[in-house]
Amino acid sequence: SKIEQHQSSLIYKFWSPKRTLIVKEKRKVVPLYIKIVITELEKNETERNIALLSGISKWFNSMDNIDEEVYKLQLLISDVLNSSDRYSFIESLQKHVDAQPEMVGNLLVSLFENHVEYDISRGTITKLTEKLYQLGFKDIADKICLLHAETGIDILKELYKRNQN
């Protein structure tokens, strides 16, 4: 439909692996993200645009840092991410883990509390979890490892064992 095409263009405009946003565009990412999420959360659950909420999660790649309000809103919508958007979202968190490890860790925990799957982002998940251990966020890293283990996915098993002392 026309609306879906428009949404897809909007999502892609602020998240494109092929180009870097100019400063003027970058300034719009956070306010637009906040506006879209708040607008969608005000609707009742059956009317929410899940595809749009999932898609804009990829915009974390275009953000210079994770704004406190964006962080809180993303925690509220972490259950709606589809597989391909999850992958892009997880990939984008690598950009933020050094500066904002606790937020990144909590976003991952929130994501994995809703759904854990054995997918193509497992290498990135391992790197991010390892970074959380290195930066002293053992409780959060342990939680990520255990959420995976609970579902029988043992990609983090060795990392978890190495960090228990």
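Scroll up for the structure.
Analysis parameters
Residues numbered from 1 in each chain as written. Predicted model: local features only at pLDDT ≥ 70, side-chain atom pairs only at ≥ 80, totals over all residues. Heavy atoms only, no water. Axes fitted to C-alpha atoms, helices over the stretch in contact; angles between N-to-C directions. Helix = DSSP H or I, 4+ residues; strand = E, 2+ residues; numbered from the N terminus. Parallel < 35°, antiparallel > 145°, perpendicular 65-115°, else oblique. Left-handed = near helix turned anticlockwise from the far one by under 90°. Contact = heavy atoms within 4.5 Å. Nonpolar A, V, L, I, M, F, W, Y, C, P; charged D, E, K, R; others polar. Buried < 20%, exposed > 50% of the residue type's maximum accessible area, 1.4 Å probe, protein only. Phe/Tyr/Trp six-rings, centres within 6.5 Å; stacked < 30°, edge-to-face > 60°. Lys NZ or Arg CZ within 6 Å of the ring centre and 35° of its normal. Expected span 1.5 Å × (residues − 1). Salt bridge = Lys/Arg side-chain N within 4 Å of Asp/Glu carboxyl O.

(A) Quick peek at the packing of helix α7 (residues 122-134) against helix α8 (residues 138-150). One way to put it is that α7 packs onto α8 with a least axis distance of 7 Å and a crossing angle of 150°. Taken together, the axis directions place α7 and α8 in an arrangement best described as roughly antiparallel. Relative to α8, α7 is oriented so that their crossing is left-handed. Seen from α7, the contacting residues are I125, T129, L132 and Y133; seen from α8, they are K138, I140, A141, D142, I144, C145 and H148. Residue composition of the contact of α7 with α8, by class: seven nonpolar, two polar and two charged.

(B) Region of the structure containing the side chain of N49. Here N49 lies in the loop between α2 (23-42) and α3 (50-56). Since its relative accessible area comes to 19%, N49 is described here as buried.

(C) Representation of the packing of aromatic side chains in the model. For the coordinates displayed, the defined rule picks out three aromatic pairs. Judged by centre distance (6.0 Å) and plane angle (90°), the rings of Y33 and F60 are edge-to-face. In this pair, Y33 is assigned in helix α2 and F60 in the loop between α3 and α4 (68-77), connecting sequence segments 27 residues apart. Side by side, Y33 and F60 carry an identical accessibility label, which is buried. Considering the side-chain rings of F60 and F89, the 5.1 Å spacing of their centres and the 90° angle between planes classify their relative orientation as edge-to-face. On the criterion of sequence distance, the pair formed by F60 in the loop between α3 and α4 and F89 in helix α5 (residues 83-93) is long-range, its members being 29 residues apart. With relative accessibility at 0%, the residue F60 sits in the buried group. Each member of the aromatic cluster is reached from another via a ring pair, and the members are Y33, F60 and F89. Positioned above the aromatic ring of F14, the side-chain terminus of K13 is 5.8 Å from the ring centre. Lying across the ring of W15, K58 places its NZ or CZ 4.1 Å from the centre.

(D) How the structure looks around α8. Taking 1.5 Å of rise per residue, the 13 residues of α8 would be expected to cover 18 Å, and the 18 Å separating its terminal C-alpha atoms lies within 8% of that figure. Regarding α8, the residues found buried are I140, A141, D142, I144, C145, L147 and H148. Of the surrounding secondary structure, the elements contacted by the buried residues of α8 are α6 (101-114), α7 and α9 (157-162).

(E) Seen up close, the pattern of salt bridges. Under the counting rule described, the total for this entry stands at 10 salt bridges. For E25, the salt bridge is made with K13, and the minimal N-O distance between the two is 3.4 Å. Taken together, the positions of E25 in helix α2 and K13 in helix α1 (residues 2-13) put the pair 12 residues apart, joining distant regions of the chain. A relative accessible area of 11% means that E25 is categorised as buried. Its relative accessible area of 37% is what places K13 among the partly exposed residues. E130 is the partner of R162 in a salt bridge, and the nearest nitrogen-oxygen pair spans 3.4 Å.

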